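Structural description and commentary
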Amino acid sequence: GRDRRTVALSLLERQSPTSRLEGVAWSAQVDRPDPQLVTTLVSTLNHDSNINVRLAALDALEKFGEDPTVRKSFVDSIPQQESPLVQIALIDALVHIHDRAAAQELRKLTNQPDVNETVRQRAQWGAERLSF
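Residues numbered from 1 in each chain as written. Predicted model: local features only at pLDDT ≥ 70, side-chain atom pairs only at ≥ 80, totals over all residues. Heavy atoms only, no water.

This part is about the nonpolar core. The tendency in soluble globular proteins is for nonpolar side chains to be buried side by side. Formed by 38 residues in total, the largest nonpolar core has its most connected members in Val-24, Leu-41, Leu-45, Leu-61, Phe-74 and Leu-106. For this core, the secondary structure elements donating two or more residues are helix H1 (2–12), helix H3 (35–47), helix H4 (51–62), helix H5 (68–77), helix H6 (84–96), helix H7 (102–110) and helix H8 (117–130). The leading source of residues in this core is H6, at seven residues. Setting aside anything within four residues of it in sequence, one finds Leu-45 in contact with Arg-54, Ala-57, Leu-58, Leu-61, Phe-74, Ser-77, Gln-81, Val-86 and Leu-90. (Core = buried A, V, L, I, M, F, W, Y, C linked by side-chain atoms within 4.5 Å. Buried < 20%, exposed > 50% of the residue type's maximum accessible area, 1.4 Å probe, protein only. Helix = DSSP H or I, 4+ residues; strand = E, 2+ residues; numbered from the N terminus. Contact = heavy atoms within 4.5 Å.)

Next up, the structure:
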């Protein structure tokens, strides 16, 4: 387990998006992530220049959806994303891991004027799904 984590962390620091994607794939194979790996994946989700790497980081993190840090990072990440695609994927992930606490944040998102219309509708849908 430790070796996979080491490989994942070193690949996530590479210049090439392909290497970073590989790093995310490795991290998804770790059974129990440690805080450093979670932090690195969250940072990748929020700041990677490549949208595919960001989406892959989201998928990897979703496997650790029981972790409160991960759940909070999804909610915090939505407003930081410029890409509607990533925002929608985050909303879907929150619904998938049944993060009821996120319903309130998603409602806030539906009231923000600068939010993409598709994202707004998805946030509305997500908030409704999480409110039951």
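We now examine the packing of aromatic side chains. Aromatic ring pairs are described here by two measures, namely the spacing of the ring centres and the angle between the planes. Considering all chains together, one arrives at zero aromatic pairs under this definition. One residue, Arg-122, lies across the ring of Trp-125, its end atom 4.1 Å from the ring centre. (Phe/Tyr/Trp six-rings, centres within 6.5 Å; stacked < 30°, edge-to-face > 60°. Lys NZ or Arg CZ within 6 Å of the ring centre and 35° of its normal.)

What follows concerns H3. With 13 residues, H3 ought to run about 18 Å at 1.5 Å a step, and its terminal C-alpha atoms sit 18 Å apart, in line with that. Among the residues of H3, those classed as buried are Leu-37, Val-38, Leu-41, Val-42, Thr-44, Leu-45 and Asn-46. In this structure, the buried residues of H3 make contact with H1, helix H2 (17–27), H4, H5 and H6. Capping the start of H3 is the job of one residue whose side-chain oxygen sits 3.0 Å from the backbone nitrogen of Gln-36: Asp-34. (Expected span 1.5 Å × (residues − 1). Polar contact = N/O pair within 3.5 Å; in protein donor to acceptor, adjacent residues only side chain to side chain.)

The interhelical angle for the contact between H1 and H3, taken along N-to-C directions, is 30°, at an axis separation of 11 Å. Judged on the interaxial angle alone, H3 and H1 are roughly parallel. Classified by chirality, the crossing of H3 by H1 is left-handed. On H3, the residues that touch Arg-5, Ala-8, Leu-9 and Leu-12 of H1 are Gln-36, Leu-37, Thr-40, Leu-41 and Thr-44. (Axes fitted to C-alpha atoms, helices over the stretch in contact; angles between N-to-C directions. Parallel < 35°, antiparallel > 145°, perpendicular 65-115°, else oblique. Left-handed = near helix turned anticlockwise from the far one by under 90°.)

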